[in-house]
Amino acid sequence: MREITYLEAVREALRQEMQRDEKVFLIGEDIGVYGGAFGVTLGMLDEFGPQRVIDTPISELTIAGAITGAALVGMRPVGEIMFMDFITLASEQLVNQAAKIHFMFGGKASVPCVMRTPMGSGTGAAAQHSQSLENWFVHIPGIKVVAPTTPYDAKGLLISSIRDNNPVLFLESKLLYKTKGEVPEESYSIPLGKADVKRKGKDLTIIATAIEVKRSLEAAEKLAAEGIDVEVIDPRTLKPLDEKTIIESVIKTGKVLIVHEACKTGGYGGELAAVIASSEAFDYLDAPIMRLAGRDMPIPYNRTLEMHTVPQVEDIVEAARKLVHRKV
Amino acid sequence: MGTKVPKEVKLDLATLTLMLEKMYMIRAFEEKAEELYTMGKIHGTMHLSIGMEASAVGSVFTLKPDDLILSTHRGHGHCIAKNADMRLMMAEFMGKECGYCRGRGGSMHIADVDGGNLGANGVVAGGIPVAVGVGLGLQMEKKNRVHICFFGDGATNEGAFHEALNMAAIYNLPVVFVLENNGYGMSMSIKKATKISKISDRAAGYGMPGVTVDGNDVLAVYGAVSEAVDRARSGQGPTLVENVTYRWRGHSKSDANRYRTKDEIDEWKKKDPIARLANKLVADGLLTAVQVDDVKKKAYEAINEAALYADGCAEPSLESIEEGVYAE
């Protein structure tokens, strides 16, 4: 099958949905002739014109308002926030408006919109351009949170997100943009709320999100050489979470390592750990549930410091070894 | 730009009578709301617009039935002017299952989506960014619909106001921004909150027309807003209309009116917008005093009937508590 990058897969999903449904349009900062800060929408202005690829002033709150309002009158808008850090500026509209409208109006209105945003560190962009703030939104009822980690998942999940009748926060991992993978040329969708077992194994379950899925898979290969057989689960949709796939895996392996880039305190890993600990998998655990997450600190600029702020492959290998050999 | 004498408004007697009726209905609804609150039948809070009826009616009467409005926390008047069913509105106020929002929204979130009211909003300026999206949606659907976005003087010092008015202007959106300047953002006098005397002057900063009118003169409001609606409908973009008015009641139920004098309130009560229209219609020989009383009586009866209906509606069932968080 044809291989394309994660970035190209995102773009292809946008293009195919815009070709299929004239209600789909894009809105965000520098997404037109510039092609977006990371180049995701490059060429789309030429294909769809300025009515459907709308460049905005630097007004994140109103980009969020624009997708909310347009969705309210039947459109299927896709907004872009240039860096997830700037979603702080858009939060009021996403949290108080988009996420609440369906419920607050007794189900009489819906808000089918997507907000795309790149997240994560590793680019030397320091503390205000590197955050992973997914858990803020996981906490908000009424909004779905999707975080694909492969080109195949990125395309299929984005198509599902655009077709979903709820606000969806679609988190793209910056460091994955250039990774390649097999992606069908035709349109396809992957249901939201369905985890994917990225690697099958029997000794240990690693549940990872975003860039840490890639790192966990690399770690799993190294561990395999030591005779440790790791299962890697990618929830793909952080909300709603596919608890079943996770619980089944933990029942099989009895050991869990959770890996994410966001700061540990109040991070998604706490939720995953609680889901496991309060499920029937509890009786099958033969080691404490372990979390490997970003340090509780801002992302530093210096390359070495930045790298050591969030879990790297070696950190995952080491944590897995400890778990499997019951050193924790 | 600035205060101007609007063009002579010529409306037929049926329309003028309906305007009077709607204004009485708003007054009656809110007096009934207070009464029910005092009787302990109301669980939550409410924000009354008594004294501001001309702003709602004069603005909304410029719209066609399939045009839209976005309302505010002080939104009973907008909803009634937009032809809401009093029974469903009262039921929502009382938190009943048969209410517009199934009792999930209450006074602060009443929406009549089918009737073109896209909802009241609990966040000051929360609806203004949404208005940009609604405007984009209406522009794209090319059905020549327009919408009015209401907000108060307090909202004009939020960042959302700046972002959204600018964006509406650059895209020439079919929106009329109706600023209901009732003198206070909770307790903060607009005279203290800004150094300019007419907030509509800010429109110049966005390259759109701005006009300030006597918001207690329903015909002046109608004149200014209808010009703005014509502009919006003909593709010339948004206008900021400032209706200068006054709320007789406190901000909400907890307001002890410490920030203003009884004399000030009494002065404004002499400028009652309903009496003003009624007196004009009698003075012009269009209605007799008896006919005015009939209109008033009919309005109050409709509200009494609505309250009885709402009182008889069922409470939402506990089994349905989590319904509607997400759309299907």
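Residues numbered from 1 in each chain as written. Chains lettered and ligands numbered in written order. Predicted model: local features only at pLDDT ≥ 70, side-chain atom pairs only at ≥ 80, totals over all residues.

**Thoughts on the overall build of chain A**
(1) Moving on: If you tally the helices and strands in chain A, you get 12 helices and 14 strands.
(2) Moving on: Its C-alpha atoms give chain A a radius of gyration of 19 Å, near enough to 20 Å, the size a compact globule of 328 residues would have.
(3) Moving on: Its C-alpha atoms put chain A at 60 × 45 × 40 Å along the principal axes.
(4) Moving on: In chain A, which comprises 328 residues, the proportion classed as buried is 56%.
(5) Moving on: Taking the contacts inside chain A whose residues are at least 6 apart along the sequence as the reference set, 80% of them involve residues at least 24 apart. (Helix = DSSP H or I, 4+ residues; strand = E, 2+ residues; numbered from the N terminus. Rg over C-alpha atoms; globule rule 2.2 N^0.38 Å. Buried ≥ 20, exposed ≤ 12 C-beta atoms within 10 Å, placed from the backbone. Contact = placed C-beta atoms within 7 Å.)

**Details of the packing of helix H4 (residues 86-93) of chain B against helix H11 (residues 289-312) of chain B**
All names here are of chain B.
(1) Moving on: Their axes nearest at 8 Å, the elements H4 and H11 cross at an angle of 55°. For the element pair H4 / H11, the angle class is oblique. Read as a crossing pair, H4 and H11 show a hand that is right-handed. In this structure, H4 uses Met-86, Arg-87, Met-90 and Ala-91 to contact H11, whose residues at the interface are Ala-302, Ile-303, Ala-306, Ala-307, Tyr-309 and Ala-310.
(2) Moving on: Looking at side-chain class alone, the contact of H4 with H11 contains nine nonpolar, no polar and one charged residues. (Axes fitted to C-alpha atoms, helices over the stretch in contact; angles between N-to-C directions. Parallel < 35°, antiparallel > 145°, perpendicular 65-115°, else oblique. Left-handed = near helix turned anticlockwise from the far one by under 90°. Nonpolar A, V, L, I, M, F, W, Y, C, P; charged D, E, K, R; others polar.)

**Topic: helix H3 (residues 60-72) of chain A**
Residues and elements named next belong to chain A.
(1) Moving on: Counted at 1.5 Å a residue, the expected span for H3 with its 13 residues is 18 Å, and the 18 Å between its end C-alpha atoms agrees.
(2) Moving on: Where burial is concerned, most of H3 is hidden: 13 out of the 13 residues are buried.
(3) Moving on: Following H3 by one or two positions, Gly-74 has its phi on the positive side, about 100°. (Expected span 1.5 Å × (residues − 1).)

**What to know about the interface of chain B and chain A**
(1) Moving on: The interface of chain B with chain A comprises 33 residues on the first partner and 34 residues on the second.
(2) Moving on: Those elements that provide at least two residues to the side of chain B that touches chain A are helix H5 (127-141) and helix H6 (159-170) of chain B.
(3) Moving on: Per-element accounting of the side of chain B that touches chain A gives the leading share, 10 residues, to H5 of chain B.
(4) Moving on: Of the residues in the side of chain B that touches chain A, the class split is 20 nonpolar, nine polar and four charged.

**Here we look at the packing of helix H8 (residues 211-225) of chain A against helix H12 (residues 313-324) of chain A**
All names here are of chain A.
(1) Moving on: One can describe the packing of H8 onto H12 by two numbers: an axis separation of 8 Å at closest approach and a directional angle of 55°. Viewed along their axes, H8 and H12 adopt a mutual orientation that is oblique. Of the two elements, H8 crosses H12, and the hand of that crossing is right-handed. Side by side, H8 and H12 meet where Arg-215, Ser-216, Glu-218, Ala-219, Lys-222 and Leu-223 of the first sit next to Val-313, Ile-316, Val-317 and Ala-320 of the second.

**A closer look at the sheet that holds strand S7 (residues 239-244) of chain B**
All names here are of chain B.
(1) Moving on: Reading across from one edge, S1-S2-S3-S7-S6 is the order of the five strands in this open sheet, with parallel pairing throughout. Edge positions in the sheet fall to strand S1 (68-70) and strand S6 (210-214), since each has one partner strand and no second. Across the sheet, the mean angle from the axis of one strand to that of its neighbour is 20°, orientation sign disregarded.
(2) Moving on: In terms of strand pairing, strand S2 (residues 147-152) meets strand S3 (residues 175-181) through six bridges, oriented parallel. Across the sheet, Phe-151 pairs through a bridge with Leu-179, a residue of S3. (Pairing = 2+ DSSP bridges.)

**Here we look at the domain arrangement of chain A**
Residue and element names in this part refer to chain A.
(1) Moving on: Here chain A is partitioned into domain 1 (3-182) and domain 2 (196-324).
(2) Moving on: On a C-alpha basis, the centres of domain 1 and domain 2 stand 26 Å from each other.
(3) Moving on: Of the residues lining the interface, 26 residues belong to domain 1; the matching set on domain 2 comes to 26 residues.
(4) Moving on: Among the elements of the structure, helix H6 (134-138), strand S6 (144-146), helix H7 (151-163) and strand S7 (168-173) are those that each provide at least two residues to the side of domain 1 that touches domain 2.
(5) Moving on: Its residues placed into classes, the side of domain 1 that touches domain 2 shows 12 nonpolar, 11 polar and three charged. (Domains from an automatic or database assignment.)

**Describing the sheet that holds strand S2 (residues 24-28) of chain A**
All names here are of chain A.
(1) Moving on: With mixed pairing, seven strands are arranged side by side in an open sheet as S3-S2-S4-S5-S7-S6-S12. Edge positions in the sheet fall to strand S3 (53-55) and strand S12 (237-239), since each has one partner strand and no second. Going from strand to strand, the sheet's axes swing by 20° on average, the running direction of each strand aside.
(2) Moving on: Relative to S12, S6 is paired through two bridges, and the arrangement is antiparallel. Bridging across to S12, Val-145 finds its partner in Lys-239.

**Some details on the pairing of S7 of chain A**
All names here are of chain A.
(1) Moving on: Here S7 lies mainly inside the structure; six of its six residues are buried.
(2) Moving on: Covered by surrounding structure in S7 are Val-168, Phe-170 and Glu-172 together with Leu-169, Leu-171 and Ser-173, the residues of both alternating faces.
(3) Moving on: As paired elements, strand S5 (residues 114-119) and S7 share six bridges and run parallel to each other. Within the sheet, the bridge partner assigned to Arg-116 lies in S7 and is Phe-170.
(4) Moving on: Sheet analysis places S6 next to S7, joined by three bridges and oriented parallel. When the sheet's bridge partners are listed, Val-146 is paired in S7 with Phe-170.

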